[in-house]
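Here is what each chain is made of, one letter per residue.
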Amino acid sequence: MMQILTFDTLQKITGKIPKGSTQADNAVSFLKTLNAYGSDVGLNRRHRVACLLGQVLVESGAFRFDRELWGPTAAQARYDIRTDLGNTPERDGDGYLLRGRGPIQITGRWNYRAFTAWARGIDHTAPDFEADPDAVLTDPWEGLVALWYWTTRGLNALADQGDVKRITCKVNGGYNHYAQRRDWTQRAQLVLLGHGPTDVRAFQRAAQLTVDGVSGPKTRAALHQALRKLPPIDVSPKPKSPAPRVNWLRRFLAILRF
């Protein structure tokens, strides 16, 4: 059975991930979920996977971290009273309690509450992540939180346009580390097209572009289009799942209209 993304392919993009490390454990949690459920939410297209990885690899430090590193910095201290995220207006520890977790780090009370509702639509025994935010870091929820965030923000549509900048804004709320997100996306694109993660020249030769090793707008656009032309990844037969999970995903697909 084909997988959307293998551990070996991920390592070609990121560099060696030590076996038995926390980094490897975090990566495997993400991959298990992506391979099991990614096709149900339209992530069996390589250009979308590349854009997803461009964000996940920055948010997680290439899977070294599964939760936000806490200073607190001045910016982090303000999260304690971020009522726009559902945190209380009092300085009562909400910012730290509901700090970022997962491969795409969700932050704030409303996000944890929304993920709880979404997860219980899949499995009614899912934890209350608002009450126990660390439960996000257990399987299968650690991987599913990334798919929840990606799909509920409509990021497949932006990935179809190759719009890494707008995806960055949707994920980050701004453009922090945008250059890194674009670079990780490009590394993923090159590897998924069968090249080395930095071998821009090889792609340019294959695409009959000017071979200068510079990843300018024309090369980035060509990378995106080359991946878009590839057929969806066929991951059938699908893994066995409880009936409520499959039925919910079908309803979810109908809503999103992939």
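Residues numbered from 1 in each chain as written. Predicted model: local features only at pLDDT ≥ 70, side-chain atom pairs only at ≥ 80, totals over all residues. Heavy atoms only, no water.

It is worth spelling out the nonpolar core at this point. Among the nonpolar cores identified, the biggest contains 57 residues, and Phe30, Leu53, Phe115 and Trp150 are the most heavily contacted of them. Those elements that provide at least two residues to this core are α1 (7–14), α2 (22–37), α3 (46–59), α6 (109–122), α7 (141–152), α8 (155–160), α9 (164–172) and α10 (178–192). (Core = buried A, V, L, I, M, F, W, Y, C linked by side-chain atoms within 4.5 Å. Buried < 20%, exposed > 50% of the residue type's maximum accessible area, 1.4 Å probe, protein only. Helix = DSSP H or I, 4+ residues; strand = E, 2+ residues; numbered from the N terminus.)

Chain-level pLDDT for the chain is 92 on average; 91% of the residues reach the 70-or-more range. Every residue in residues 241–246 scores below 50 in pLDDT, and together they form seven contacts with partners more than four places removed in sequence or on other chains. With pLDDT under 50 throughout, residues 251–258 is counted as low confidence; its partners more than four residues away or in other chains account for twelve contacts. (pLDDT = per-residue confidence, 0-100. Contact = heavy atoms within 4.5 Å.)

For the structure on display, the rule yields nine salt bridges. Here Asp160 makes a salt bridge to Arg48, at a shortest N to O gap of 2.9 Å. Highlighted residues: Asp160 in helix α8 and Arg48 in helix α3, separated in sequence by 112 residues. A salt bridge links Asp94 to Arg109, with the shortest nitrogen-to-oxygen separation between them at 3.0 Å. Here Asp94 is found in helix α5 (residues 94–97), whereas its partner Arg109 is found in helix α6, with 15 residues between them in sequence. According to the relative accessible area criterion, Asp94 is buried, its value standing at 5%. A network of salt bridges, in which partner residues are shared, links Asp94, Arg109, Arg113 and Glu130. (Salt bridge = Lys/Arg side-chain N within 4 Å of Asp/Glu carboxyl O.)

This part is about the layout of surface pockets. Once rolled over the atoms, a probe with the size of a water molecule shows which space is left empty. Quantified by volume, the largest pocket comes out at close to 840 Å³. Partitioned by chemical class, the residues of the lining of the largest pocket number twelve nonpolar, eleven polar and seven charged. Volume-wise, the second largest pocket comes out at about 260 Å³. Around the second largest pocket, the lining comprises 16 residues; the ones closest to its centre are Gly162, Val164, Arg182, Arg220 and Ala221. Only α9, α10 and α12 (217–228) provide two or more residues apiece to the lining of the second largest pocket. Along the lines of polarity and charge, the residues of the lining of the second largest pocket split into six nonpolar, six polar and four charged. (1 Å grid on protein atoms, 1.4 Å probe; cavity = no way out; pocket = protein on both sides within 12 Å on 5 of 7 lines; lining within 4 Å. Points joined across faces, edges and corners; volume = space filled by probe spheres on them. Nonpolar A, V, L, I, M, F, W, Y, C, P; charged D, E, K, R; others polar.)

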